[in-house]
Amino acid sequence: MTNLAVIGTQWGDEGKGKVVDLLTNKANVVVRFQGGNNAGHTLVVGNQTYALHLVPSGILHPQKLSVIASGVVVDPDVLIEEMESLAARGVTITPENLKISERAHIILPYHKTLDQAREAGAQGVVMKIGTTGRGIGPAYEDKAARRGLRLGDLRDLNSFKDKITLALLEKNALLTGLYGLKAQDAESIIQSAQIWVKKLLPFITDTFGVIRQAADKNLNILFEGAQGVQLDLDHGTYPYVTSSNPTTGSVAVGAGLAPRDLNSVLGLVKAYTSRVGEGPFPTELLDATGDRIREVGREYGTTTGRPRRCGWLDAVVVRAAVKLCGVDSLAVTKLDVLGGLKEIKIASHYLLDGQKIDYVPASLSDLAKVQPVYETFEGFEGDITKSKKLSDLPYGARVYLDRLSELVGAPAGLVSVGPERDQTIMLRDFFPDSK
Ligand code: GDP
Ligand code: IMO
Ligand code: MG
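Right, let's walk through the structure included here.

Rules and cut-offs
Residues numbered from 1 in each chain as written. Chains lettered and ligands numbered in written order. Predicted model: local features only at pLDDT ≥ 70, side-chain atom pairs only at ≥ 80, totals over all residues. Heavy atoms only, no water. Helix = DSSP H or I, 4+ residues; strand = E, 2+ residues; numbered from the N terminus. Rg over C-alpha atoms; globule rule 2.2 N^0.38 Å. Buried < 20%, exposed > 50% of the residue type's maximum accessible area, 1.4 Å probe, protein only. Areas by Shrake-Rupley, 256 points an atom, 1.4 Å probe, with all protein chains shown as cover. Lys, Arg positive; Asp, Glu negative; His and termini not counted. Charge placed at Lys NZ, Arg CZ, Asp CG, Glu CD. Arc of directions from axis to C-beta. Contact = heavy atoms within 4.5 Å. Donors = N, O, S within 2.8 Å, 3.2 Å for Na, K, Ca; no water. Pairing = 2+ DSSP bridges. Axes fitted to C-alpha atoms, helices over the stretch in contact; angles between N-to-C directions.

Before going further, it helps to spend a moment on the overall build of the protein chain. Secondary structure summary: the protein chain contains 12 helices and 20 strands in total. Against the 2.2 N^0.38 benchmark of 22 Å for 435 residues, the protein chain shows a C-alpha radius of gyration of 22 Å, consistent with a compact globule. Taking the principal axes of its C-alpha atoms as reference, the protein chain extends roughly 65 × 55 × 40 Å. Going through the 435 residues of the protein chain one by one, you find that 57% of them count as buried. As presented, the protein chain carries roughly 17500 Å² of accessible surface, and 52% of it is formed by carbon and sulfur atoms. When the 49 positive and 50 negative side-chain charges of the protein chain are each reduced to one mean point, those points stand 2 Å apart.

Right, here's the structure in full:
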């Protein structure tokens, strides 16, 4: 039995969706354990592209179980839309192959309004993070403040209404008083909730029990991370982070699994770096090379369509993720995008006030000052998207991969050379005893 976590080591969008879809082939259960529909995971299968936000990326495999566990925050309208549009495309979605936690918190309309008002700097209250505007932060705030509503609350709409009415006392004071916006009313939320009850209740269950049972049967469980380590609430570039923990530790909390049951961690590393939204990015390229990477790599947000900021691979960032998350192998993605560049760089460490450092400073003012120190590689030519084994890659690409592994301290377990399933060089069997 293998329980494998797939974790983004950078600022998200490393290609987690592609890799999870691919590995589901040999897994039995795929679990989303944190984040919400701020995530955008893209799957390309033949001429079909699927952009998933809440439904786990194993869903294209109808006989495998997909689970949205308790650590996820769920916008019911987005989830219903996603489930229905997948079903309309012929994807099997039933209460047998998709289970949603009764403990997962609900993203309510006022969470989205508050998120967007803060981002817009309404009434001069300016604190721009560059969020996805999907209400993720405000929903997690309410969870921590113990005033959130959970999917299981949909089982009793009378008490659901009482809870919403109470919540709105505070939310409306904020919306009208501080942000100068319209008050929201409980009645329209209840109307939506009636639809949520009808469409989601059959899927809502105790997912802890489901996952525990799978683990006890020695089934292979794949934990699908969202976002990436530098967006982690504790370990990322705070406050320019998301409101959950995309690090390995939250697999145990967000899915309900004993830490010792997790036995492998795959760190997703894009062969360069991208970041969406505000916040520090030491290896960002604000030049023609950055633009070229964005265009060739199609670096535009899956969730918001925003252009992603692009830059060189930052080994300081990935090395931190390897240590923090217990990464035992890497999935290096989008190597093909670097093809044709004259030279390629990796930041091996930083200089801070002239001193060599090997960590991402917690202080924003220190982060603003760090200077990446680069190793430079000769570029490689040619289309590598058909490579099936390492020896198919041009020499320059292999040198780059070897040094990347060495610098971050973990071996490559797979290399992705294109968005499709078969555009992958497998170097390891992730589920050696799959049933
Ligand atoms: P995620 O959030 O980590 O799942 O990543 P996204 O789906 O947001 O962004 C990754 C993008 O790169 C998607 O459009 C994928 O289809 C695409 N992709 C994944 N792996 C590769 C690869 O190896 N090469 C190329 N060219 N595209 C890839
Ligand atoms: P996947 O799973 C990239 C970023 C936002 C913003 C910050 C906070 O596709 O890798 P939030 O809406 O979470 O409060 O925004 O986090 N962000 C992501 N960036 N990929 C993601 O997910 C992201 N999810 C959130 O752009 O900077
Ligand atoms: Mg994404």
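In this section: helix H7 (residues 207–216). Taken residue by residue, H7 has Thr207, Val210, Ile211, Ala214 and Ala215 as its buried positions. Projected onto a plane normal to the axis of H7, the buried residues spread over an arc of 130° and lie on a single side. Looking at H7, the residues exposed on the side facing more than 90 degrees away from the buried face are Gln213 and Asp216. On its buried side, H7 packs onto strand S2 (29–32), strand S5 (65–68), strand S7 (98–101), strand S9 (204–205), strand S10 (221–224) and helix H8 (249–256). Two residues or fewer after H7 comes Asn218, characterised by a positive phi angle close to 60°.

Moving on, we get to the coordination of the magnesium ion (ligand 3). When a metal holds four donors in a tetrahedron, each ideal angle between them is 109.5 degrees; when it holds six in an octahedron, the ideal angles are 90 or 180 degrees. Here the magnesium ion (ligand 3) is held by Asp13 (OD) and Gly40 (O), and the distances to it run 2.0 to 2.2 Å. Of this pair, Asp13 sits in the loop between strand S1 (3–8) and helix H1 (16–24) while Gly40 sits in the loop between S2 and strand S3 (41–45), and the two are 27 residues apart along the sequence. On the basis of relative accessibility, which here comes to 11%, the residue Gly40 falls in the buried class.

This part covers the sheet that holds S2. Strand order across the open sheet formed by 10 strands is S9-S7-S5-S2-S10-S1-S11-S15-S19-S20, with mixed pairing between neighbours. What marks the edges here is a single partner per strand, and that holds for S9 and strand S20 (424–426). Pairing geometry for S1 and S10, over 4 bridges, is parallel. Residue pairing across strands places Leu4 opposite Leu222, the latter belonging to S10. Running over the sheet, H1 touches S1, S2, S10, strand S11 (264–270), strand S15 (329–333), strand S19 (412–416) and S20 and is turned about 170° from S10.

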